[in-house]
Amino acid sequence: MTTNTQLSNSAFKREALAAIAGFEQSAAPSLWPYLDKQKIVAEMRSRVNDPFKVN
């Protein structure tokens, strides 16, 4: 049985992952040129998929 909370979490997760994918594909110049964009993308995906990894 799927609850409304699960649906909301699932929709939020899909939306967040889509936003991350958009950021990953963006060619706009970074405000933080010394940060590794691929590492940031990987870390964001990791936290969206498992929010308990946030320390």
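First things first, this report covers the structure right here in the doc. All figures in this text were calculated on a predicted structure; none of them were measured in a lab.

1. Re a nonpolar patch on the surface
Argument step 1. Taken together, the side chains of Leu31, Trp32 and Leu35 present a nonpolar region at the surface, about 410 Å² in accessible area.
Argument step 2. Among the secondary structure elements, Leu31 is positioned in the loop between helix H1 (4–25) and helix H2 (37–49).
Argument step 3. Taking relative accessible area as the criterion, Leu31 reaches 71% and is therefore assigned exposed.

2. Looking at the packing of aromatic side chains
Argument step 1. Considering all chains together, one arrives at zero aromatic pairs under this definition.
Argument step 2. The positively charged end of Lys37 is found above the aromatic ring belonging to Phe23, 5.0 Å away from the centroid.

3. Some details on the pattern of salt bridges
Argument step 1. The full count for this structure, using the stated rule, is two salt bridges.
Argument step 2. One salt bridge connects Glu24 with Arg45, and the closest N-O pair in it is separated by 2.6 Å. One end of the pair, Glu24, is in helix H1; the other, Arg45, is in helix H2, with 21 residues separating them in the sequence.
Argument step 3. Given a relative accessible area of 22%, Glu24 falls into the partly exposed group.
Argument step 4. Close ionic contact of Arg47 with Glu43 constitutes a salt bridge, the shortest N to O distance being 2.5 Å. Separated by four residues within a single helix, Arg47 and Glu43 lie in helix H2, roughly one turn from each other.
Argument step 5. What makes Arg47 partly exposed here is its relative accessible area of 35%.
Argument step 6. The exposure class assigned to Glu43 is partly exposed, which follows from its relative accessible area of 35%.

Rules used throughout
Here the residue index of a chain counts from 1 through its sequence in written order. At least 70 in pLDDT is required for a residue's local features to be given in this predicted model, at least 80 for side-chain atom pairs to be given and counted, and no such filter applies to totals for whole chains, interfaces and linings, which use all residues. Excluding hydrogens and water, the side-chain values take into account all heavy atoms of the structure. For patches, a residue must show more than 30% relative accessible area and have no salt bridge; joins then use 9 Å for like charges and 5 Å for nonpolar side chains, namely Val, Leu, Ile, Met, Phe, Trp and Tyr. Here the Shrake-Rupley method, with its probe set to 1.4 Å, supplies the accessible areas, and only the displayed protein chains count as covering residues. By convention in these notes, a salt bridge is any Lys or Arg side-chain nitrogen within 4 Å of a carboxyl oxygen on Asp or Glu. Each helix corresponds to a stretch of at least 4 residues labelled H or I by DSSP, and each strand to a stretch of at least 2 residues labelled E; elements are numbered beginning at the N terminus. When accessible area is computed with a 1.4 Å probe and restricted to protein chains, residues below 20% of their type maximum are described as buried, those above 50% as exposed, and intermediate ones as partly exposed. The aromatic pairing rule takes the rings of Phe, Tyr and Trp, using the six-membered ring of Trp, and pairs them if the centres are within 6.5 Å, calling planes under 30 degrees apart stacked, those over 60 edge-to-face and the rest tilted. Whether a charge lies above a ring is judged from NZ of Lys or CZ of Arg, which has to be within 6 Å of the ring centre and within 35 degrees of the ring normal.

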